[in-house]
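# Topology and contacts: notes
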Amino acid sequence: MSLARNSSYVVKFETGAATHVGKVRRANEDSYIVLPELGIWAVADGVGGHEGGQFASQTVAGDIASVGMAVSQTDQLARFKDRILRANDTIKQAAAERGAVIGTTVAAILAYGHNYSCVWAGDSRVYHIRDETISQLTRDHTEAQELVDNGTLTPEQAKTWPRRNVITRAIGIFDDPDLDDRSGMIKPGDAFLLCSDGLTGHLSDAEICEHVSTMRAQDACDALIAATLERGASDNVTIVIVRCHAAERTNYIPASGQDVAGSEA
């Protein structure tokens, strides 16, 4: 991962991750992948039952793992979307062979230098926490969110609407996975939280913010899983947290002419 040559610092990452089957489901269809050395973190929530959902989410994670080192933020985003397209084709083919509906959400943060890209399809979410304030970077691709957007439901009504979990976009369902993305600047002290809807179905944004703002990345992941289990954990729950720290830029310049950001456990 790279920074402009005139930057006075590099961004280092502290990553935490955790997943749990929950208290109701028999199998965990969620997957996650953390690649701090490449500036990539992602969560996927499979659809299609034990074998199908697991296969779909693991396929997405496996293809993301092959993305390689990018030479620019644009290149990084293009590489990532290419791997999602590959996963989409693989999942679609498997679904056709099985005569079943198989798919998965995906929510990812890509960091390059002092910039980030947020990419998603489905209802897995990415949150940005800055100065103890939380904002949702993603917008759920669900029937419920569409009804909120057109004024049919209020946000509170959407939380208990019977079809609130029906997603309108997923990887592996259509020829075009139709990803959304947005970008922004990273500041030292920022944190990103990626999660499947097993977390947001039980904890509020304010509760999530409090955990992330007051704990180290892994401790916050573990505490959020525990809180979800205490409240019944009706679905699989997966959480990835990325904390961003500033470190002084060294005089070493790699052969590419770029400064490389570091990572921490």
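Model, not experiment: these values are computed from the prediction.

Turning to helix H2 (residues 73–98), a few remarks are in order. Here H2 contains 26 residues, and its C-alpha end-to-end distance of 38 Å stays within 8% of the 38 Å for a straight helix at 1.5 Å per residue. Turning to H2, its buried residues number three or more, namely Gln76, Leu77, Phe80, Arg83, Ile84, Ala87, Asn88, Ile91, Ala94 and Ala95. Once H2 finishes, glycine 99 follows within two positions and takes phi at roughly 65°, a positive value.

Further remarks concern the environment of asparagine 115. For asparagine 115, the location among the structural elements is in strand E7 (residues 115–121). With residues near it in sequence (within four places) discarded, asparagine 115 still touches Gln73, Leu110, Gly184, Met185 and Ile186.

Here the protein averages 90 in pLDDT, and 91% of its residues register 70 or above. Residue range residues 1–6 is modelled with pLDDT below 50. Its contacts to residues more than four positions away, or to other chains, number 28 contacts.

Once that is clear, we can look at the packing of helix H6 (residues 205–214) against helix H7 (residues 217–230). It is the contact of H6 with H7, at a shortest axis distance of 8 Å, that shows an interaxial angle of 150°. The orientation of H6 relative to H7 falls into the category roughly antiparallel. Seen from above, H6 lies across H7 with right-handed handedness. Counted together, Ile208, His211 and Val212 of H6 and Ala220, Ala223 and Leu224 of H7 form the full contact between these two elements. Here the residues of the contact of H6 with H7 are counted per class, giving five nonpolar, one polar and no charged.

We now examine the pattern of salt bridges. Using the criterion set out here, one finds 15 salt bridges in the structure. Salt-bridge contacts for aspartate 82 lead to arginine 86; the nearest nitrogen and oxygen are separated by 2.9 Å. Pair noted here: aspartate 82 and arginine 86 are both in helix H2, with a separation of four residues, about one helical turn. Salt-bridge contacts for arginine 169 lead to aspartate 178; the nearest nitrogen and oxygen are separated by 3.4 Å. Given the relative accessible area of 36%, aspartate 178 is considered partly exposed. What you see here is one network of salt bridges that share partners, running through Asp82, Arg83 and Arg86.

Once that is clear, we can look at H6. Those residues of H6 that fall on the buried side of the exposure criterion are Ile208, Cys209, His211 and Val212. Mapping the buried residues of H6 onto a view down its axis gives an arc of 165°, with all of them on the same face. Every exposed residue of H6 that faces more than 90 degrees away from the buried side is listed here: Ala206, Glu210 and Thr214. Packed against the buried residues of H6 are strand E8 (125–130), strand E9 (133–136), strand E11 (191–195), helix H5 (197–200), H7 and strand E12 (237–248).

Definitions and limits used
Along each chain, the written sequence defines residue order, and numbers are assigned to residues from 1. Given that the model is predicted, a residue must reach a pLDDT of at least 70 before its local features are reported, and side-chain atom pairs must reach 80 or more before they are shown or counted; all residues, however, enter totals for whole chains, interfaces and linings. Side-chain calculation: all heavy atoms of the structure are included, whereas hydrogens and water are not. Runs of E in the DSSP output that reach at least two residues are strands. Runs of H or I that reach at least four are helices, and both are numbered from the N terminus. In this analysis, the expected span of each helix is defined as 1.5 Å times one less than the number of residues it contains. Partly exposed residues are those whose accessible area sits between 20% and 50% of the maximum for their type, while under 20% is buried and over 50% is exposed, using a 1.4 Å probe and protein chains only. Two residues form a contact once any of their heavy atoms are found within 4.5 Å. The predictor rates its confidence in each residue with pLDDT, a number between 0 and 100. All axes here are fitted lines through C-alpha atoms, helices being fitted over the stretch that makes contact, and every angle between N-to-C directions spans 0 to 180 degrees. Here the word oblique covers every angle except those under 35 degrees (roughly parallel), over 145 (roughly antiparallel) and from 65 to 115 (roughly perpendicular). The hand of a helix crossing depends on one turn: near helix anticlockwise from the far one by less than a right angle means left-handed, and clockwise means right-handed. Note on residue classes: Ala, Val, Leu, Ile, Met, Phe, Trp, Tyr, Cys and Pro are nonpolar, Asp, Glu, Lys and Arg are charged, and everything else, Gly too, is polar. For salt bridges, the criterion is a side-chain nitrogen of Lys or Arg within 4 Å of an Asp or Glu carboxyl oxygen. An arc is given here, and it is the one of the directions from the helix axis to the C-beta atoms.

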